[in-house]
Amino acid sequence: MDSLALQTVPNPNGAYPLSKYTNILGTPGLTAFVGMEGLIKGKEEKTLFVSSGASSVGSLVIQLAKMKGMRVIASAGSDAKVKHMQSLGADVAFNYKKESYESALQQHGPIDAFWDNVRVEALDAALAYSRPHARFKICGTSGTDNVPHGNRYELKNAYQIMKKRLKIEGFLVPDYIPEFGGRFFQEVPALVAQGKLQSTESTIGETWDDVPQSIINMLVSGHETVGKPVVTVANV
Ligand SMILES: NC(=O)c1ccc[n+]([C@@H]2O[C@H](COP(=O)([O-])OP(=O)(O)OC[C@H]3O[C@@H](n4cnc5c(N)ncnc54)[C@H](OP(=O)(O)O)[C@@H]3O)[C@@H](O)[C@H]2O)c1
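Residues numbered from 1 in each chain as written. Predicted model: local features only at pLDDT ≥ 70, side-chain atom pairs only at ≥ 80, totals over all residues. Heavy atoms only, no water.

**Considerations on the UniProt feature "domain: Alcohol dehydrogenase-like C-terminal" (unreviewed entry) in the chain**
Thought 1: Following the UniProt record, the feature "domain: Alcohol dehydrogenase-like C-terminal" (unreviewed entry) maps to residues 57-177 here.
Thought 2: Taken end to end, residues 57-177 has its terminal C-alpha atoms 16 Å apart, with 35% of it in helix and 24% in strand. (UniProt positions renumbered as here; feature names shortened; annotations may be inferred. Helix = DSSP H or I, 4+ residues; strand = E, 2+ residues; numbered from the N terminus.)

**Remarks on the packing of aromatic side chains**
Thought 1: With the rule as written, the count across this model stands at eleven aromatic pairs.
Thought 2: Judged by centre distance (5.4 Å) and plane angle (80 degrees), the ring pair of F114 and F136 falls under edge-to-face. With F114 in strand β4 (residues 111-116) and F136 in strand β5 (residues 130-138), this residue pair connects regions lying 22 residues apart in the sequence. Each member of the pair, F114 together with F136, is buried.
Thought 3: Every member of this aromatic cluster is reached through a ring pair, and the members are F49, F94, Y96, Y101, F114 and F136. (Phe/Tyr/Trp six-rings, centres within 6.5 Å; stacked < 30°, edge-to-face > 60°. Buried < 20%, exposed > 50% of the residue type's maximum accessible area, 1.4 Å probe, protein only.)

**Re the sheet that holds strand β1 (residues 47-50)**
Thought 1: Spatially, β3-β2-β1-β4-β5-β6 is the arrangement adopted by the six strands of the open sheet, whose pairing is parallel. Every interior strand has two partners, whereas the edge strands, β3 (92-95) and β6 (167-170), have only one. When strand polarity is set aside, the average angle formed by the axes of neighbouring strands in this sheet is 15 degrees.
Thought 2: Here four bridges tie β5 to β6, and the two strands are oriented parallel to one another. Residue R135 lies in a different strand from β6, and its bridge partner there is K167.
Thought 3: Contacts from helix α1 (residues 27-39) reach β4, β5 and β6 within the one sheet, and its direction differs from that of β4 by about 145 degrees. (Pairing = 2+ DSSP bridges. Axes fitted to C-alpha atoms, helices over the stretch in contact; angles between N-to-C directions. Contact = heavy atoms within 4.5 Å.)

The following block contains the structure:
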């Protein structure tokens, strides 16, 4: 499959609304699926920590890790998002604004695998509370995206990379589409239709004027909106 080719996603008997394409059936879903297939082996990496576990990508990472038989620790920035992560199957879910990453991983780790959507203190704590040879998948940096370079959090535990012989790999979704994209389009829509994989979209408006607020809801940390905010400007 050409990595950037347009795909037609099957929608068995109209089993799900088009808003799913902004989330589990769109780029976030594809990112989580191909990343998990390409990077995380599963059971033998017993405990996975995923930062921003209530994000679109993180929500599917939790569910796929549970399907692979892993124990999942997940973090997010509000109590509503903690409940959401628990509903997706996270074994340990915590609000990083109330409990530090370090304290949560000290209590519930060590971890064998880390899916990072955030960077900052999440990555530092994962470095400190991971087992030797743990695998780190660096997917995103939402914790620094809006912070000027000079003010960004500096890692303190990078020395653990050598000491623990950690395997750290960044990736961009097109890297794995040739290998796993086809399976995403075959498997994930069917699992969504069967109710075996979930995603949450919250309709927050119906005009173009609602779009800026929806983007703020999505990107601002700790917002009470759970799931992908969707503005439906027309029904066709
Ligand atoms: N590698 C790739 O090819 C690829 C492809 C797509 C997406 N991504 C990345 O994957 C990540 C998730 O994407 P998405 O579309 O699922 O995200 P999303 O649904 O837009 O969620 C973004 C979340 O980031 C969290 N956040 C913002 N500032 C934060 C901070 N200072 N500390 C911790 N969390 C913070 C917020 O959640 P809280 O309320 O929980 O803080 C926010 O809701 C992003 O980093 C994105 O850039 C990578």
